[in-house]
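Below, each chain spelled out in residue letters.
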Amino acid sequence: MGCAGSTVIDENEHKKLKVNHIGSSSDLQLRATLLIQRWFRRWRAELEVRRRCTWTIFQTMEYANENEQLKLYNFFNEILSNLPDAFDAMQNEKGGGMADNISKLADPAYVIIEPEYEGPNLTLPVDIQQIKDLIEQFKKHKILHAKHLLTLLLEARKKFKKLENVQYINTNIAGKVTIVGDLHGSLDDLLMIFHKNGLPSSDNPYVINGDFVDRGPASVEVSIILFSLFLLYPNSFYLNRGNHEDIIINKRYGFTTELVNKYGVLANRIAKGFEGVFRVLPLITVVDKSILVCHGGISDITDLEYINNIPREQYASIMRPPHIQLEDGTEEVNLVEWRQMLDLLWSDPKASLGCEPNTFRGGGTYFGPDITNNILEKHGFKMLIRSHECKRDGYDVVHGGKVITVFSASNYYEQGSNLGAYIRLPSNHKPQFIQFNATENSASHHEPLFERVSKVESSALRDLRTRIFANEGPLLAGFHEMDPDKTGYITLSDWADCLRETLNLDLPWRTLRPKLAEVSTDGKVKYMSCFTNGGIEANIANKQVTETIYRQRNTLETIFRILDTDNSGFLTRDELRGGCELLAKHCGSARLSSEELELIVDTMDINRDGEVNFNEFLESFRLVDSKFAALTQ
């Protein structure tokens, strides 16, 4: 009995133990699951912080560059205003002979097609098969001959010139319209949109909302396709002017360089042809008398009736108001008209109320939801669709759904930085957003999320470190002022303030610190580590001048492009002489003798071929600084 009873007790205890074991195992699994979920959420949150921080770096540096560009052009504008006879031929913005000048320079009759040319062809009138053939040729990196391109530009200019500043389109027939944002010379993105949405036709209308050139490598090809489609479907394919359809902006952001690289000695003729088209591009498209579509945005003075009467052809560049020559020989500048144009192409929405100058970009305004309501109500509109800003998802909706931003250039800052998008707007005016990535079939697109974010982050940090290195002198001066005892360390707050003020970049410097600088055990920043981390070469001979040139490289390149009046990619001796005389007069220097001018030109022409390319232009500054340093030692 005892043994039997003992056996029963043991079996019961075994069952209890088994139940407890199962219970504890379930608890362990639950705790493990919760722990993994908590870790994953934390990992995703940290990844999102990195993505947002990376995005902020890219966008802040882009707008800072645009601001610098405007300041540089204001400097040249001041020169041109004070010296009215200087470089009029370069700007071609004054007088009534502007159209004649463009027509002569961009006349295809002066260009001959070589017998050996085997590239794509284009004849008028354009048909859809020609456009399809062009697309296939462009995929193979073929270049359209200059004569064909000039013929297209001349015809496009004639057609655009007949249009009003404000275009009207309705969706009654097609039942929809597709709105495409910034393309910035990305042929892959344009073709991806056509692949997903179909080629334009009378049943498939499109609005291209500006900025189809600059930055990307195929601005020429994108423009050719767009202009050809406009000629083929003038009542179903609409183009608005963007802030990058601008001859001055083009000199800074790549389109001028692309023309030089693709068309060599004929680049100036091609540039004039594009300038002629850019001047006459419409400014606004209104859909169903309800939806306002423009590139940048609005301001508190936006008035469509006023805008529709602006002589837009006078604006080769929106960055400078045209100077109109009056009969008595004086000049007139219409600043109200200019601001209407500037606000339309350069403005951005903001969350707060009111309208204020867009100091971030340097042009246009920031307009709040109250301004949106006022302008839409004034004109009887329901919605504003604009572009102009890169968005991580390709689009953004603000101001209670009344302002939509659409941006169609994917991977704008870096591979994987953002999606592109376009809007399919049906007759009920409920927008459908279609997102895409032009490289979605590439190997990089299938990389793990962590690797993609890390690559984009590395690119942004590399650009930021480059800017830090280029400003080493001013930064060190600020750091030393905060470190009077020369300990080599300053507080995190002082370090962040110095970077923000010196670089003029409003970034989350405290968050970025681990990526940019080392700290001591007490949390102070070792500020010299800013200039050694990240593989930036800092130990270069002639460091001071190298740093200055590095910092001012974009500015110097823009100056080079402005002086290069024939867009040849080289400065001739006459262009250099003209530039030196212009700057000498403006700076109040004594007039240079012909011998002194020749000496300057000879110094810059390092390889003695009679022309100065950009590398020689940069090298001249280093050589002059070296010689001056040797003389003063």
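Placed above this text is the structure.
What this report covers is the structure whose coordinates are included nearby. (Residues numbered from 1 in each chain as written. Predicted model: local features only at pLDDT ≥ 70, side-chain atom pairs only at ≥ 80, totals over all residues. Heavy atoms only, no water.)

## Examining the overall build of the protein chain
Looking only at helices and strands, the protein chain has 22 helices and 21 strands in total. Split into buried and exposed, the 633 residues of the protein chain put 50% on the buried side. Excluding contacts between residues fewer than 6 apart, the proportion of contacts in the protein chain whose partners are at least 24 apart in sequence is 71%. (Helix = DSSP H or I, 4+ residues; strand = E, 2+ residues; numbered from the N terminus. Buried < 20%, exposed > 50% of the residue type's maximum accessible area, 1.4 Å probe, protein only. Contact = heavy atoms within 4.5 Å.)

## As for the packing of helix H6 (residues 187–197) against helix H7 (residues 219–232)
Angle between the axes and distance between the axes: these two values describe a pair of packed helices. Relative to each other, H6 and H7 sit at 40°, their axes nearing to 9 Å. Of the possible angle classes, the one that applies to H6 and H7 is oblique. From H6, Leu187, Leu190 and Phe194 reach across to H7, where they touch Val222, Ile225, Leu226 and Leu229. A per-class count over the contact of H6 with H7 returns seven nonpolar, no polar and no charged. (Axes fitted to C-alpha atoms, helices over the stretch in contact; angles between N-to-C directions. Parallel < 35°, antiparallel > 145°, perpendicular 65-115°, else oblique. Nonpolar A, V, L, I, M, F, W, Y, C, P; charged D, E, K, R; others polar.)

## Some details on the sheet that holds strand S1 (residues 166–169)
Ordered in space as S1-S5-S6-S12-S14-S13, the six strands form an open sheet in which the pairing is mixed. Only two strands of the sheet have a single neighbouring strand rather than two, namely S1 and strand S13 (395–398). Within this sheet the neighbouring strands show an average axis-to-axis angle of 20°, counted without direction. In this structure, S1 lies alongside strand S5 (residues 284–287), joined through four bridges in parallel fashion. The residue bridging Ile169 from the neighbouring strand is Val287, located in S5. (Pairing = 2+ DSSP bridges.)

## Looking at the nonpolar core
Ranked by size, the top nonpolar core spans 56 residues in total, and within it Phe212, Phe227 and Leu239 carry the most contacts. The leading source of residues in this core is H7, at nine residues. (Core = buried A, V, L, I, M, F, W, Y, C linked by side-chain atoms within 4.5 Å.)

## Here we look at the pairing of strand S16 (residues 432–436)
For strand S15 (residues 420–426) and S16, the ladder comprises five bridges, and the chain directions are antiparallel. Its bridge partner being in S16, Arg424 is matched across the sheet by Gln432. If you look at the hairpin formed by S15 and S16, you'll find five residues sitting between the two strands, and His429 has a positive phi there, around 65°.

## What to know about the side chain of Arg361
Among the structural elements, Arg361 can be located in the loop between strand S10 (355–357) and strand S11 (365–367). Within the local environment of Arg361, its side chain forms a polar contact with the backbone oxygen of His388, the two atoms lying 3.0 Å apart. (Polar contact = N/O pair within 3.5 Å; in protein donor to acceptor, adjacent residues only side chain to side chain.)

## Some remarks on unusual backbone geometry
Look at the link from Leu124 to Pro125: it is a cis peptide, with omega at -5°. Locating Pro125 in the fold gives a position in the loop between helix H3 (98–105) and helix H4 (128–139). The phi torsion at Lys289 lies on the positive side, around 55°, for a residue other than glycine. According to the relative accessible area criterion, Lys289 is exposed, its value standing at 65%.

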